Amino acid sequence: MTILDKVTALLGEGAVLEAAPDRVPRVAPGSPDAVALLLGTAHQEGWRVRIEGAGTWLQSDAPADLALTTRRLDRIPAIEPPDLTATAEAGIGLDQLRQQLADRGAWLAIDPPGLAGRTLGSIVSTATAGPLRHGFGPIKDHLLGVTFVTGDGRMVQSGGRVMKNVAGYDLTRLQAGGFGAFGVIVLVHLRLRALPRADVTYLLEGAREDLTQVGEDIAAAGLTPAALELVSPALARRERWVLGVRLAGSPALVAADEAGLGAASGGGRFTSLRAEEAHAFWMRLSEGFAVRPVTFRIGGVPTASDELLDLLQHQLGDEWISASPASGAIRWTGDAGIDRLQRLRRTLAGMEVPLTLERAPWAVRQAVGHFGAYREGVGPLVTGLRRTFDPGGALVVATEGS
Amino acid sequence: MSLARDLAAIVGEKHVREARAERVTYSMDGLPTHRRVPDLVVLPGSREELIAAVRLLAALGVPFVPRGAGTGLSGGALADQGSVLLVLTRLNRILQIDQANRRAVVEPGVVNARLGAAAKPHGLQYAPDPSSQSACTIGGNVAENAGGPHCLKYGVTANHILALEVLLADGSLVELGSAGGEPWGPDLVGVFVGSEGNFGIATKITVRLTPAPRAIRTLLADFSSIRAAGEAVSAIIASGIVPAALEMMDQSCIRAVEDSVYAAGYPRDAAAVLLVELDGRNEGAVTAETATVTEILRKSAARSVRSAATEAERERLWQGRKKAFGAMGRLSRDLVVQDAVVPRSALPQVLDTICAIAKHYGLVVSNVFHAGDGNLHPNISFDATDPVLKKKVEAASAEIMQTCIDAGGTITGEHGVGIDKLRYMPLIFDAESLGAMQAVRRVFDPHELVNPGKVVPVHACREWSSMGNAEFGMRNRQAGFNSAFHIPHSAFVAGR
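Residues numbered from 1 in each chain as written. Chains lettered and ligands numbered in written order. Predicted model: local features only at pLDDT ≥ 70, side-chain atom pairs only at ≥ 80, totals over all residues.

Visitor: Mind laying out the domain arrangement of chain B, listing which residues take part and the relevant values?
Guide: Residues and elements named next belong to chain B. For chain B, the domain assignment lists domain 1 (3-89), domain 2 (94-211), domain 3 (215-326), domain 4 (332-423) and domain 5 (431-473). Spacing between the C-alpha centres of domain 2 and domain 3 amounts to 28 Å. Here the side of domain 2 that touches domain 3 is built from residues that sort into three nonpolar, two polar and one charged. (Domains from an automatic or database assignment. Nonpolar A, V, L, I, M, F, W, Y, C, P; charged D, E, K, R; others polar.)

Next up, the structure:
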C-alpha cells in the first residue's frame, strides 16, 4: 500500500490533489481534525511532511514523502465588527480575507510581502510583516490566538478570541515566525481595526541619504504614518529611491499629518497618489518580494539603518530592497548563493543584527537555515521545543541550516 | 552549614530574612485570599549575586520564586514551604536610555513609574501603566505581561519588550531577542513574557519607548445605566478612533472613590462613568477627535460630558481611577479582585449578569475596568474571617468567571493565573493544550524549580513526553559553584 493509498483511505479522495512538480504527493485536509489525523499517521508511519499554503511564497521543493497544503482550510468562521475580532482558517487567502473584512467595515492592518492570494497561515508562520509594521507593529501584534497541530497530530489551542489574555503561556508567539517547526497552524484569531476613514499615500523621490533624513524629520515632527518605507528604484520602478508615506486613520488625524508632511520634506515635494495608484504602488512592493529566488529580512536599530543598507549594497547589491528606517527593519530580495548569505549573516551577527531567511530554494534553506546558528544557550531550548512539538521529526523545516 | 548561611555569604547577612516575623511580610501579594510563608527570603543586590544564588539553589535542587514589589493579584509570587523567595527589588538600575532608538535597558527591579519618569525628559514614555505603577517593577510586569489603562492604544507589556537576558533555572544565562526587536530564531521573548516566572528570571530587560504625546484630552462622561455606558464604548470603538484609554466605573466604585481621600469629583448618582483619554502628537488632530468622541458620548445618552480643563484636574480624574482598588478598602476588610475579559459587545449583558449574581449572593460587587479592551475587574468586598461569606464569595467568583467564559471570554487579561486562577484553567483549555504548556515549561525548567505550582494545573494535563533541554545544568558549571556550597538539602532549615 502506497502513502497515497493510505492517505486516500484516511481522508478520502477529495483530499488528494495533483502531485507537486517534484512529484511529491500533495494532500489537502479539509478540516483541522483531518490535519491532526494526517500528521498523527505521518508520525506513526515515519513519513516526512512539508507544509504548504497556496504555494505562492515559500518554494515547494523541500524533500518529503508528502506535501500537506492548508488550501482547503479556507473558511472564516467569525467576523465580529463590534468587537473588532475575526477567526479564520489558516488556508484563507489574504485577498479574500481582506475583502470580507472590508465588507463588514473591519481591517486587518498588515501588508505582508507576497502575492495577493498568499495564505494567512503562511503569513503568520513566517511572521512576514510589510510596511504597515511601522504604524501597527509586527504580525504577532495582530494575533489573539492560534490553534495548531503538532508533528505527532495533537491539536493545541493557544490564546483566545478577546483583546487581552494572559491565561497560560503564550504559545501563539512561538508559532508566529516559527516557520512551521513547532506545528501546523490551522486556525487564527485576529485583532482587527475599524476600516480607516481616511487612507492616503504620498511619495518622495530622491537620493537614499536625503530620504532617510526626511524619514527622521517626519518622526521628529510628531507625524504618525501607518507606513514610512524607503524603497529601492528597481523595486519601486522609479528612477531614484522612493520614500512612501501612508497615512491612515481618522480624517482629523490624516489631515493633520498631511499638513505636517510638507514641512518635513526637506524642500522636496511629495507627490500625492490617487487611490488606485496607491494601491498599485503598495501591491507592487509586496509582489516584488515573491518573484526573485531569495528573500530575507534583517532587524537592526533605527540609527543603524544607513550602515546596514550600505552593507547590503556592498555584499549583495541593493537593487531590490525596502526598509522601514524608523523601525530598523530591512527586507532584501534577489539572487544570492549560500556562501554570500552565510558570510552576510556572520557579519550581521557581529553587529548584533539577526538575519531571517524568508524564502529561498531548498538547497539554500537547508544550508543557510531560516534562522542560522542560535546565540549561546538558545539552541538547546529551540531543540527542546522542536522535539516537544514534533517528536518524530515529521515536519520538514530548515531552521538552523547545516 | 545551612542554606541561609550560604546565601548570606553571597548576598550579605542582612539581605537574608530568616525570622518568621520577617518572612510573614512576604506571605501575600496584592490579593488577600492566598497566604504562603516562604522558608527563606533573599534579596540579592546585584545581577552577579542573583546568578550565584540561583546556581547554589539549582545545585541543591531547592525551588525558588522570583518576586518584584509583590503587587501582583494572582498569588503568583508566593513561595510555598520548601521554597526560597528571591526578591529582586534591589536590582533597580536603569542601565541605558537610548533616545535616538527609543529603547531603554533596565534591571528587573526598576519601578514602572520610575522608568516613565526617566524617559520623560527625552520626550519618550514607557506606555504600559498598570494601576500599581508607582510600586510594581518591570521584571514583574514582564512575568505577568502587565496591562494598564493606556494599553488600549499602546499595547500591553508584550508589545514593548524587545530583548531579555534570562537566568534559567539551572543558573545559565541566555540572551533572547535583539535590540531591534527581530528575534534570533523563534520568538522566545514573546514566549517568555507572561510566563509568570516559570521559565526563568529576566535579569536585563530591553524595552521599547514611544514618543510621549504632545496633546492630551481627558473626558469624564456619566450615564444613568451601565448598559448605556457599555453601548457608548462600542460606538467609540466602531468610529475608528482609538482612545489612549477608555475606562469604566460603576456606582459602587464611584461612591467608594468619592468617599475616600482619592475623591475625583465623579457624580455620585451616576450608574456609571466613562473616563476617556485621547492623545497624540498633533494638537489639532486630538482636538478634532475629542469633538467626535464627545458627540458620540452625547448621542449614547451620556448625562454630561466634562473635559479636564487643567493638568491638575486630569491627574485628579486619573487618581480616582488608579486608586479605586485602594478606595474599596473602605467598603470592607477584604477584597477579591477578578480579571476576566469578554468581547466588547458582550459588556452590557455580562455586567447585567454580574449584578444578578451579586444580588443572588447578597454581596457587594464593584466594577472598575478597562472597558475599551473588555477587561473586567469585578471586585467583591467581604470579610474573610466570616467562613459563610467566604464560601459565598468563592461561589459568586466562579459564577462570574463562568459567565465571562460563556460570553466567549477568558479568565485573566492582565493579572495572570498564579495560584488564584489555576482552577479555572481547565474551563478554557483542554487537557492537550494544558499538557503542551507544561511540556514547554519543562523545556525551560525540566525540574520545575522556578515558581513551582503556578499557571498550569498539572492534574488536568494530558501527558506529553517533553524532551526537555538537552544541556540543562551542564552549562556555566565552572562559574560560581564552590564545593562548600554542596550541602545536603536537609540543611535548609538548620539555623532558623
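Having seen the model, we can carry on.
Visitor: So what about the pairing of strand 3 (residues 49-52) of chain A? Which residues, and what values?
Guide: Residue and element names in this part refer to chain A. Residue alternation in strand 3 divides its side chains into two sets, Val49 and Ile51 and Arg50 and Glu52, and both sets are buried. When strand 3 meets strand 4 (residues 66-69), the two strands line up parallel, connected through four bridges. Across the sheet, the residue bridging to Glu52 is Thr69, located in strand 4. (Buried ≥ 20, exposed ≤ 12 C-beta atoms within 10 Å, placed from the backbone. Helix = DSSP H or I, 4+ residues; strand = E, 2+ residues; numbered from the N terminus. Pairing = 2+ DSSP bridges.)

Visitor: Can you break down the sheet that holds strand 6 (residues 103-106) of chain B residue by residue, with the values?
Guide: Residues and elements named next belong to chain B. In spatial order, the strands read 5-6-10-8-9; together these five strands make up an open sheet with antiparallel pairing. Two strands in the sheet have a free side with no partner beyond their single neighbour: strand 5 (94-98) and strand 9 (173-177). The mean inter-strand angle of the sheet, taken between neighbouring strand axes irrespective of direction, is 10°. (Axes fitted to C-alpha atoms, helices over the stretch in contact; angles between N-to-C directions.)

Visitor: Quick rundown of helix 13 (residues 347-361) of chain B? Include the residues and the values.
Guide: Residue and element names in this part refer to chain B. Taking 1.5 Å as the rise per residue, helix 13 with 15 residues should run 21 Å; its terminal C-alpha atoms sit 21 Å apart, in good agreement. Residues of helix 13 that are buried: Leu347, Val350, Leu351, Ile354, Ile357 and Ala358. For helix 13, the angular spread of buried residues about the axis comes to 115°, placing them on one side. For helix 13, exposure combined with an orientation more than 90 degrees from the buried face picks out Ala356, Lys359 and His360. Those residues of helix 13 that are buried are in contact with helix 8 (226-238), strand 17 (364-369), strand 18 (378-382) and helix 14 (387-406). Taken from the residues just after helix 13, Gly362 is the one with a positive phi, measuring 65°. (Expected span 1.5 Å × (residues − 1). Arc of directions from axis to C-beta. Contact = placed C-beta atoms within 7 Å.)

Visitor: Go over the environment of A:Asp318 with me, naming the residues and quoting the values.
Guide: With respect to the element layout, A:Asp318 can be found in the loop between helix 11 (305-315) and strand 17 (321-324). Along the sequence, A:Asp318 and A:Glu307 sit eleven residues apart, while their C-alpha atoms lie 13 Å from each other.

Visitor: I'd love a proper account of the interface of chain B and chain A, names of residues and values included.
Guide: A common way to state how big an interface is: give the accessible area lost once the parts meet. In this assembly, 83 residues from chain B lie in contact with 67 residues from chain A. When contributions to the side of chain B that touches chain A are tallied by element, the ones reaching two or more residues are strand 9, helix 7 (188-192), helix 8, helix 10 (283-299), helix 15 (425-428) and helix 16 (431-444) of chain B. A per-element tally of the side of chain B that touches chain A places helix 16 of chain B first, with eight residues. Classifying every residue of the side of chain B that touches chain A gives 36 nonpolar, 33 polar and 14 charged.

Visitor: So what's going on with helix 2 (residues 32-45) of chain A? Which residues, and what values?
Guide: In a regular helix each residue adds 1.5 Å, so 14 residues correspond to 20 Å; helix 2 of chain A covers 20 Å between its end C-alpha atoms and thus fits that length. Among the residues making up helix 2 of chain A, those that are buried are A:Pro32, A:Ala34, A:Val35, A:Ala36, A:Leu38, A:Leu39, A:Ala42 and A:His43.

Visitor: Got a sec to walk through the pairing of strand 5 of chain B? Specific residues and values, please.
Guide: Residue and element names in this part refer to chain B. Strand direction decides the pairing type here: strand 5 and strand 6, joined by four bridges, are antiparallel. Across the sheet, residue Asp98 finds its bridge partner in strand 6, namely Arg103. What sits between strand 5 and strand 6 in their antiparallel hairpin is a turn of four residues, with Arg102 showing a positive phi close to 55°.

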